[in-house]
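Spelled out from the first residue to the last, the chains are:
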Amino acid sequence: MENTKDLTEHSSRSERKRRDSFGMFDGYDSCSEDTSSSSSSEESEEEVAPLPSNLPIIKNNGQVYTYPDGKSGMATCEMCGMVGVRDAFYSKTKRFCSVSCSRSYSSNSKKASILARLQGKPPTKKAKVLQKQPLVAKLAAYAQYQATLQNQAKTKSAVSMEGFSWGNYISSNSFIAAPVTCFKHAPMGTCWGDISENVRVEVPNTDCSLPTKVFWIAGIVKLAGYNALLRYEGFENDSGLDFWCNICGSDIHPVGWCAASGKPLVPPRTIQHKYTNWKAFLVKRLTGAKTLPPDFSQKVSESMQYPFKPCMRVEVVDKRHLCRTRVAVVESVIGGRLRLVYEESEDRTDDFWCHMHSPLIHHIGWSRSIGHRFKRSDITKKQDGHFDTPPHLFAKVKEVDQSGEWFKEGMKLEAIDPLNLSTICVATIRKVLADGFLMIGIDGSEAADGSDWFCYHATSPSIFPVGFCEINMIELTPPRGYTKLPFKWFDYLRETGSIAAPVKLFNKDVPNHGFRVGMKLEAVDLMEPRLICVATVTRIIHRLLRIHFDGWEEEYDQWVDCESPDLYPVGWCQLTGYQLQPPASQSSRESQSGSSKQKKKAKSQQYKGHKKMTTLQLKEELIDGEDYNFLQGASDQESNGSANFYIKQEP
């Protein structure tokens, strides 16, 4: 009869599994089902009140475990000596870990079993229990867990006041973050899918006093980059326990993961009283709901694998002389960002940060192949373990046809100043290289030997035809010392005997990038490229973005391409382990005289517009050990859409 009953129950469970369209309830049931257990043993004098009927239970490996409410504790089986959570034990007195132990205790084998246990022999009947650790150790661990919970509560309140939290920053100001799909180079940027509000996930249940990690289902209330504001299922419109987390984190799972992994689903303690049948509640709420793809965590892991490895050699721009490149070695890789150490740096402190898709790095031999200036290393042979990076790992530029009408030396154009990224300046093509690369100089502030020229590709989104700024109402920085203001291109071209570069030669592709004014993101400070800061998109001109660093004046803003690998979604630093620079307060701006931002401030004031330093001043500053960094155009990837450029002719 007992075997028949077991088969009937097994068949019933199988039928429920087939009806379960989510695959998430295999390990979950509610207390509405029969969970009573009979015991033939006599109850002791010390009665323990039964658990409330609405306390959820978890079925796992064929056993029924009732999780404690935080008031009960641990218990030791009087039959076999095993230790477990008290509420998981059988009978009202909670003296036995299983039905078999309860019955055995009252049988003729009781004395023999007890004697065997005292002698260190295994019991005649093995009981299934939650934990099999010594009582003292388990009680100590439980007490430590409770103390940890209290300390965490205190720590969280302290961190939220002193540290920066993207969640608090966005929620308190009703900000909107740029979606992950805007950043094709970032993890999950090309496979983010339909992750949006109302998507359900399984997450750790923090509203619980259990000594073990349990989970519950939550829905996405708001998305901000990788970060999601979640609300536990069952809280309806109550936002009291809403919390932010990184959706790509290791504790976020699609619905059904707990059932497949044998993990318990436990409703938050705050709402346990609301329903008697939680399974029916979840079936109703989750019918037709979306969740993460089953392979989401695998995709996250794969998208965070980077082909660049330490000890790889590359050619990178010389941050002290923009006109040339040098050999550098990859020191470390964080989230696709490379810390490059120039090969001749003996103490390995002369470094440069950039993304692996940056147009500033190239394979060994690139400079020679296109005719770019290159600083030969004093090191005659490669150091042990160093090897050249395979050329196919670098960002590809669009092929161009230089056989027909093409850029020529002396042609005028407008270009982002790499020494002051907040300005677009009057510029001149100084040299035409192979494969579509150009050497460009900023009018009015060039060195006689061309040491401050910089290299842009012809398809770079950082160069523009004459008249671009006027058309798009952007302030154009005139040549240093030019007195005929306001600046007019027609007059300037006539005075200098120059011609404008043909409009048709410039990159007119404008992808459907998805950025909007006001969106938040994490952006590299390209004047201090090791820093990634909280930032905002303040203006959009075709594919050009004006990036503002929160808490800093507009003079530190930077023009960046929409596909630049130096822009990241909110939560990227947390995901990759990179340090994020929070918004600067007014007091910190005034007090950080020796900080990196202050260093940047000094540079931007010196390099800005007509106040840019002379070549002699630059050389003197370099002698003093002050370095400057350089932005070259952003990723030159294929894009869709187009924008029209034209020149406004004047008589």
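Residues numbered from 1 in each chain as written. Predicted model: local features only at pLDDT ≥ 70, side-chain atom pairs only at ≥ 80, totals over all residues. Heavy atoms only, no water.

Chemist: Please explain the overall build of the chain as it appears in this structure.
Modeler: When helices and strands are tallied, the chain shows 15 helices and 29 strands. Across the 651 residues that make up the chain, the buried fraction comes to 49%. For the chain, the proportion of contacts with a sequence separation of at least 24, taken over those separated by at least 6, is 65%. Summed over its atoms, the accessible surface of the chain is roughly 31500 Å², and 50% of this surface lies on carbon and sulfur atoms. (Helix = DSSP H or I, 4+ residues; strand = E, 2+ residues; numbered from the N terminus. Buried < 20%, exposed > 50% of the residue type's maximum accessible area, 1.4 Å probe, protein only. Contact = heavy atoms within 4.5 Å. Areas by Shrake-Rupley, 256 points an atom, 1.4 Å probe, with all protein chains shown as cover.)

Chemist: Explain the packing of aromatic side chains to me, please; I cannot follow it from the model alone.
Modeler: Two measures describe an aromatic ring pair: the distance that separates the ring centres and the angle between the ring planes. Per the stated rule, a full pass over the model turns up 29 aromatic pairs. Ring centres of Trp406 and Phe407 lie 5.2 Å apart, and the angle between their planes is 80°; on these two criteria the pair is classed as edge-to-face. In this structure, Trp406 and Phe407 share a single accessibility class: buried. Centre to centre, the rings of Trp552 and Tyr556 are 5.5 Å apart; their planes meet at 80°, and the pair counts as edge-to-face. Considered together, Trp552 and Tyr556 belong to a single accessibility category, that of buried residues. Through successive ring pairs, a cluster of aromatic residues spans Phe164, Trp166, Tyr169 and Phe175. The ring of Phe175 carries the charged tip of Lys520 above its face, separated from the ring centre by 4.1 Å. (Phe/Tyr/Trp six-rings, centres within 6.5 Å; stacked < 30°, edge-to-face > 60°. Lys NZ or Arg CZ within 6 Å of the ring centre and 35° of its normal.)

Chemist: Looking at this structure, I do not really get the side chain of Ser564. What am I missing?
Modeler: Mapped onto the elements of the fold, Ser564 is located in the loop between strand E27 (558–561) and strand E28 (567–568). At 3.1 Å, the side chain of Ser564 forms a polar contact with the backbone nitrogen of Asp566. (Polar contact = N/O pair within 3.5 Å; in protein donor to acceptor, adjacent residues only side chain to side chain.)

Chemist: In this structure, what is going on with the nonpolar core? I would like to understand it.
Modeler: Nonpolar side chains in soluble globular proteins tend to end up buried together. With 109 residues, the main nonpolar core has Trp192, Ile247, Cys248, Phe296, Phe407, Ile424 and Ile547 as its most contacted residues. Residues in contact with Trp192, not counting those within four places in the same chain, are Val180, Thr181, Leu223, Gly225, Tyr226, Ile247, Cys248 and Phe296. (Core = buried A, V, L, I, M, F, W, Y, C linked by side-chain atoms within 4.5 Å.)

Chemist: Would you mind showing me how to read the pairing of strand E24 (residues 519–524) here?
Modeler: Successive residues of a regular strand alternate their side chains across the two faces of the sheet. Burial within E24 is extensive, with six of its six residues counted as buried. Alternating residues of E24 divide into Met519, Leu521 and Ala523 and Lys520, Glu522 and Val524, and every residue in both groups is buried. Alignment of strand E5 (residues 176–177) against E24, held across two bridges, turns out to be parallel. Among the inter-strand pairings, Ile176 is bridged to a residue of E24, identified as Met519. One ladder, built from five bridges, connects E24 with strand E25 (residues 532–541); its direction is antiparallel. Counterpart to Glu522 in the pairing with E25 is Val534. Examined bridge by bridge, E24 and E28 share two bridges and lie antiparallel to one another. Among the inter-strand pairings, Glu522 is bridged to a residue of E28, identified as Tyr568. (Pairing = 2+ DSSP bridges.)

Chemist: What should I look at first to understand the state of the cysteines in this one?
Modeler: Applying the stated rule across the entire model yields zero disulfides. Cys248 forms no disulfide, and the closest cysteine sulfur to it belongs to Cys191, at a distance of 8.9 Å. On the basis of relative accessibility, which here comes to 9%, the residue Cys248 falls in the buried class. (Disulfide = S-S within 2.5 Å.)

Chemist: Looking at this structure, how should I read the sheet that holds strand E10 (residues 253–254)?
Modeler: Strands pair in a sheet through their backbones, by hydrogen bonds, and they do so in one of two ways: parallel or antiparallel. Strand order in the open sheet formed by five strands is E9-E8-E7-E6-E10, and the pairing between neighbours is antiparallel. Across the chains shown, the open sheet's two edge strands, defined by having one partner strand only, are strand E9 (243–246) and E10. Its contacts with the sheet place helix H5 (residues 166–173) against strand E7 (215–224), strand E8 (227–232) and E9, and it is angled at close to 130° to E9. Contacts from helix H7 (residues 278–286) reach strand E6 (200–204) and E7 within the one sheet, and its direction differs from that of E7 by about 30°. (Axes fitted to C-alpha atoms, helices over the stretch in contact; angles between N-to-C directions.)

Chemist: Hey, could you run me through the pattern of salt bridges in this one?
Modeler: Two side chains of opposite charge can pair, provided their charged atoms sit close to one another. Scanning all chains against the criterion turns up 27 salt bridges. Between Lys484 and Glu495 there is a salt bridge whose closest N-O contact spans 2.9 Å. Placement of Lys484 in the loop between strand E23 (476–477) and helix H11 (489–496) and of Glu495 in helix H11 is noted, with a sequence separation of 11 residues between them. Among the residues examined, Glu495 registers a relative accessible area of 39% and is labelled partly exposed. One salt bridge connects Asp550 with Lys520, and the closest N-O pair in it is separated by 2.7 Å. With a gap of 30 residues between them, Asp550 in the loop between strand E26 (544–549) and E27 and Lys520 in strand E24 connect regions that are remote in the sequence. Relative accessible area serves as the criterion here: at 5%, Asp550 is assigned to the buried category. Using a relative accessible area of 5% as the deciding quantity, one classes Lys520 as buried. Overlapping salt bridges, with partners in common, bring together Asp318, Lys319, Arg320, Arg324, Arg326, Glu344, Asp350 and Lys375 in one network. (Salt bridge = Lys/Arg side-chain N within 4 Å of Asp/Glu carboxyl O.)

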